[in-house]
Amino acid sequence: HYLSFPDAIYAQGLILTMQDAAVLLTCWIIGTFIAPRLIYFQGCLTLGDVMGDMYGRVGRIFAGIVNLVFGFLIVGVQIQVMAALAEALLGIPSMYAVPLFGGIVVLYSMLGGMKAVSYTDVFQLFAALLAFTWVLKALLGATGSISLLWTTLQTNHAEKITFFNNPLFLHR
C-alpha cells in the first residue's frame, strides 16, 4: 500500500491519481447535495421529468437535447472501441468495423430496446462467469491449488496482479 498521497502520485502518475480523486469528489457531491433532494421528485423517472417539473416544457426539451447529445457521444465511443478491438483481435480494418458495429448497435437498439439490454446484460454475466471459471480451472490445473497459484503469481508476476496500480487493490 502507498504510504502517502505523494507516494501514490509517484507510483501511479498524476493523471490516474486525479481520476481517483475526481471519482471520490463526485461521489461526495452526489451523496451530499443531490441524493437528499431526490425526495422532491417522486414519480419522475427521467431527467426530462425532473426538468419538466421544475421548468416546464422548455426544461423538458432542453434535458432531452442534452441527453440526446450525451447518448450520441457515448454510442460513438462504444462503436470506436468495438472497431479498435475488431482491428486488433480480428484484423478487420476500422473503416469497415465502424459501420458494421454502428449498424449492429442501431439495429439492436431499434429492435429490442430495454428488453434487449436486459437480455444482453444477463448473457454478458453468464459469459463472464463462464470465462472466469474456465481460466480459473486452467490455472488450477496447471498449479494444483489456489495457494500455490497465488504464490506463483506474487513471485513471478507481481506487477500483473496490482490491478492498474490502484492502491485499493494492491496485493503485495
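Residues numbered from 1 in each chain as written. Predicted model: local features only at pLDDT ≥ 70, side-chain atom pairs only at ≥ 80, totals over all residues. Heavy atoms only, no water.

1. Remarks on the overall build of the protein chain
- Helices and strands together make up the secondary structure of the protein chain, namely six helices and zero strands.
- Helices and strands appear in the protein chain in the N-to-C order α-α-α-α-α-α.
- Burial status across the protein chain gives 13% buried among its 172 residues.
- Expressed as a percentage of contacts within the protein chain between residues at least 6 apart in sequence, the contacts between residues at least 24 apart total 18%.
- Total accessible area computed for the protein chain in this model is approximately 13700 Å², and 75% of it derives from carbon and sulfur atoms. (Helix = DSSP H or I, 4+ residues; strand = E, 2+ residues; numbered from the N terminus. Buried < 20%, exposed > 50% of the residue type's maximum accessible area, 1.4 Å probe, protein only. Contact = heavy atoms within 4.5 Å. Areas by Shrake-Rupley, 256 points an atom, 1.4 Å probe, with all protein chains shown as cover.)

2. Brief notes about the packing of helix α3 (residues 47-55) against helix α4 (residues 57-90)
- One way to put it is that α3 packs onto α4 with a least axis distance of 6 Å and a crossing angle of 155°. By the criterion of interaxial angle, the relationship of α3 to α4 is roughly antiparallel. The way α3 lies across α4 gives a crossing that is right-handed. Contacts between α3 and α4 involve L47, G48, D49, M51, G52 and Y55 from the former and R57, V58, G59, R60, A63 and N67 from the latter.
- Each residue belonging to the contact of α3 with α4 can be placed in one class, and the counts come to five nonpolar, four polar and three charged. (Axes fitted to C-alpha atoms, helices over the stretch in contact; angles between N-to-C directions. Parallel < 35°, antiparallel > 145°, perpendicular 65-115°, else oblique. Left-handed = near helix turned anticlockwise from the far one by under 90°. Nonpolar A, V, L, I, M, F, W, Y, C, P; charged D, E, K, R; others polar.)

3. Observations concerning the pattern of salt bridges
- Within this structure, the stated rule accounts for one salt bridge.
- With its nearest N and O atoms 3.0 Å apart, the salt bridge here joins R60 to D49. Linking R60 in helix α4 with D49 in helix α3, this pair joins segments that are 11 residues apart in sequence. (Salt bridge = Lys/Arg side-chain N within 4 Å of Asp/Glu carboxyl O.)

4. Let's talk about the packing of aromatic side chains
- Evaluated as defined, the whole model comprises one aromatic pair.
- Where W28 meets F33, the ring centres are 5.6 Å apart and the plane angle is 90°; that geometry is what we call edge-to-face.
- Owing to a relative accessible area of 49%, W28 belongs among the partly exposed residues under this scheme. (Phe/Tyr/Trp six-rings, centres within 6.5 Å; stacked < 30°, edge-to-face > 60°.)

5. Let's talk about α3
- Those residues of α3 that sit buried are G48, V50, M51 and G52.
- Along its buried surface, α3 packs onto α4.
- Of the residues trailing α3, G56 is marked for its positive phi of about 80°.

6. Brief notes about the environment of I61
- Among the secondary structure elements, I61 is positioned in helix α4.
- The exposure class of I61 is partly exposed, given its relative accessible area of 42%.
- C-alpha of I61 to C-alpha of M51: the two residues are 10 residues apart in sequence and 8.6 Å apart in space.

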